[in-house]
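Chain by chain, the residues run as shown.
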Number of protein chains: 2
Amino acid sequence: MKNKIPTERRTNALSKARIVEAAIEILDREGEDALTFRALAARLSTGSGAIYWHVADKNDLLATATDHVIARVTTNAVRGSTPQEVIRTMALGVFDAIHAHPWVGGQLSRNPWQYAVVRLLEGVGGQVQALGVPEHAQFNAVTALMSFILGLAGQYAAGARLFPPDMDRAAFRKTFLETVAARWSRLDPTEHPFVRQLSKVLPEHDDREQFLAGIDLILAGMESIR
Amino acid sequence: MKNKIPTERRTNALSKARIVEAAIEILDREGEDALTFRALAARLSTGSGAIYWHVADKNDLLATATDHVIARVTTNAVRGSTPQEVIRTMALGVFDAIHAHPWVGGQLSRNPWQYAVVRLLEGVGGQVQALGVPEHAQFNAVTALMSFILGLAGQYAAGARLFPPDMDRAAFRKTFLETVAARWSRLDPTEHPFVRQLSKVLPEHDDREQFLAGIDLILAGMESIR
DNA sequence: ACCTGAACACCGTTCAAGT
DNA sequence: ACCTGAACACCGTTCAAGT
């Protein structure tokens, strides 16, 4: 009896799954700009053209990678007693996913028609329905929630693009926010009174808490409409 | 007496203002991708390197162009009886500006630290203050509003990137939304019941109305917090 | 001080040629 | 069917050289 595994496959064979996996590694470790077809091909020890046999183009590659990350969020967020709770955990799931993979933020906000967004739409939408929002208002309520999430995703990604991926992120964030706050505090007081005041709170604020506060604000608005 | 104008200047002299103006024309007429330093130099009949004497880099160029557009919005939105009204007109001003200059949407959402965003932050922030939102909640309220606006800006820009700039936009939008709706309606009913239902409303919806509904939802949430 | 334009160091994508 | 890698048509940015 030979020990030949029936579904034998060459470990080195290229496939969309393997390509996407390698792409995610590059994105996570070296940042958005580091993902090029040349770098990807080198890591997979193949030619850059070979990738096009499995993937339509760079957009396809990024959309598939993003969906891979977001799929985990929507499937994990099923827990929660009330619809509000589910929405919160799902939103925080997106937030944490973007924290772990900042490039996901850029990709989500740049391409709202990709499947990852449909996943989120469905997840949020079901809960909004369960919340008792009247049918004619559901579309606007869900897209409002989605725009907020995608907007914050974009801002978060913008922050991640600013610093070299090998740096300590928390430390960089702190000094960066302090720099912005200092710039804001030097603005003309009559023209920018509010932003000057914001500059005092800016360096201390917690992104995650701020995000959740936004979600709660929109949920409160939906409550008052119902 | 010689008729020599004291502040005589060569009409052809390069300046940041002239460069930005030309850049905006290219962006509006031919889309985001058409703005290259080569195209810009050709239009100004100069060398591509000359632009760098007046502008730091492409990001500086885009940020300045964006600020140029947004400045008009914030200065024009001072009217309105209630703070809510001012916020609404300002938000719609942003919406209309992005409609007229889709590239502004991408630029705003991609770079939240540029001066144009500070302008909006100040404009919105002053009104949120006037609304009587307690000071500790102002930061979260304003950034929620801003994330929503920037999120929708990004989505709008994504839509604009999809079609060639020389096409009829309204017609393209219609057929595009119909295509998406058709795709959504073919999704698995047990996995995507909500999105399938959305697909019925999608092609008919009014972007501007949807945007305003989101603003009102957040305003209602702020109301309930006060 | 301001401008020129060739040169540099990249991109994504294509495609003839291989196995 | 799948892969190779040179070639194509671009980019943003730099910089020696001009005026």
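One can find the structure itself at the top, above this paragraph.
Residues numbered from 1 in each chain as written. Chains lettered and ligands numbered in written order. Predicted model: local features only at pLDDT ≥ 70, side-chain atom pairs only at ≥ 80, totals over all residues. Heavy atoms only, no water.

Caption draft 1: Quick look at the packing of helix H9 (residues 193-201) of chain A against helix H7 (residues 135-161) of chain B. In contact at an axis separation of 11 Å, H9 of chain A and H7 of chain B are set at 105 degrees when each is read in the N-to-C sense. Judged by the inter-axis angle, H9 of chain A sits roughly perpendicular to H7 of chain B. Listed contacts from H7 of chain B to Phe-194, Gln-197 and Leu-198 of chain A of H9 of chain A are Glu-135, Gln-138, Phe-139 and Val-142 of chain B. Classifying every residue of the contact of H9 of chain A with H7 of chain B by side-chain character gives four nonpolar, two polar and one charged. (Axes fitted to C-alpha atoms, helices over the stretch in contact; angles between N-to-C directions. Helix = DSSP H or I, 4+ residues; strand = E, 2+ residues; numbered from the N terminus. Parallel < 35°, antiparallel > 145°, perpendicular 65-115°, else oblique. Contact = heavy atoms within 4.5 Å. Nonpolar A, V, L, I, M, F, W, Y, C, P; charged D, E, K, R; others polar.)

Caption draft 2: The arrangement of the protein's contact with DNA strand D in detail. Taken together, 18 residues lie around DNA strand D, and Thr-46 and His-54 of chain A together with Arg-38, Tyr-52 and Lys-58 of chain B are the ones closest in. At the protein interface, 52% of the atoms of DNA strand D within 4 Å belong to sugar or phosphate. Residue Gly-49 of chain A places a main-chain N or O atom 3.4 Å away from a base oxygen belonging to DNA strand D. Contacts to DNA strand D include Tyr-52 of chain B, whose side-chain N or O atom sits 2.8 Å from a phosphate oxygen. Here the surface near DNA strand D is composed, by residue class, of six nonpolar, eight polar and four charged. (Near = heavy atom within 4 Å. Polar contact = N/O pair within 3.5 Å; in protein donor to acceptor, adjacent residues only side chain to side chain.)

Caption draft 3: Broad picture of the packing of aromatic side chains. Here the structure, examined in full by the defined rule, presents 14 aromatic pairs over all chains. Here Phe-176 of chain A and Trp-113 of chain B contribute two aromatic rings whose centre-to-centre distance is 5.4 Å and whose plane-to-plane angle is 80 degrees, an arrangement assigned as edge-to-face. In this pair, Phe-176 of chain A is assigned in helix H8 (residues 169-185) and Trp-113 of chain B in the loop between helix H5 (102-110) and helix H6 (115-130), connecting two distinct chains. A relative accessible area of 24% places Trp-113 of chain B in the partly exposed class. (Phe/Tyr/Trp six-rings, centres within 6.5 Å; stacked < 30°, edge-to-face > 60°. Buried < 20%, exposed > 50% of the residue type's maximum accessible area, 1.4 Å probe, protein only.)

Caption draft 4: Main features of the interface of chain A and chain B. Facing 54 residues of chain A, the contacting portion of chain B comprises 54 residues. Buried surface at the junction of chain A and chain B, summed over both partners, amounts to about 4700 Å²; 69% is from carbon and sulfur atoms. Considering only the surface of chain A that becomes buried against chain B, Trp-113, Phe-139 and Phe-194 of chain A emerge as the three largest contributors, covering 18% of it. In this assembly, chain A and chain B are joined by zero salt bridges. Summed over the shared surface of chain A and chain B, the result is 16 residue pairs in polar contact (both at pLDDT 80 or more). For the side of chain A that touches chain B, the secondary-structure elements that each account for two or more residues are helix H5 (102-110), helix H6 (115-130), helix H7 (135-161), H8, H9 and helix H10 (207-225) of chain A. The element that contributes the greatest number of residues to the side of chain A that touches chain B is H7 of chain A, accounting for 17 residues. For the side of chain A that touches chain B, the per-class residue count stands at 30 nonpolar, 18 polar and six charged. (Buried area = accessible area lost by both parts, 1.4 Å probe. Salt bridge = Lys/Arg side-chain N within 4 Å of Asp/Glu carboxyl O.)

Caption draft 5: Region of interest: the relation of the copies chain A and chain B. For the pair chain A and chain B, the best superposition has an RMSD of 0.0 Å and corresponds to a rotation of 180 degrees with a translation of 0.0 Å parallel to the axis. Look at the turn and shift together and you get a two-fold axis relating the two. Within chain A, Gly-151 of chain A has its C-alpha nearest the rotation axis, a separation of 1.6 Å. Looking at the interface residues of chain A, 100% of them are also at the interface in chain B, so both copies use one shared face. (Least-squares fit on C-alpha atoms with pLDDT ≥ 70 in both.)

Caption draft 6: Summary view of the nonpolar core. By size, the foremost hydrophobic cluster in this structure holds 140 residues, and its most contacted members are Leu-40 and Met-222 of chain A together with Leu-40 and Met-222 of chain B. Setting aside chain neighbours within four positions, we find Met-222 of chain A in contact with Val-128, Leu-131, Val-133, Ala-141 and Leu-145 of chain A together with Leu-217 of chain B. (Core = buried A, V, L, I, M, F, W, Y, C linked by side-chain atoms within 4.5 Å.)

Caption draft 7: A look at the environment of Leu-92 of chain B. Residue and element names in this part refer to chain B. On the secondary structure map, Leu-92 appears in helix H4 (residues 83-100). Using a relative accessible area of 15% as the deciding quantity, one classes Leu-92 as buried. A C-alpha to C-alpha distance of 21 Å links Leu-92 and Trp-113, two positions 21 residues apart in sequence. When sequence neighbours within four positions are dropped, the list of residues in contact with Leu-92 reads Arg-208, Phe-211 and Leu-212.

Read these as geometric descriptors, not functional statements.
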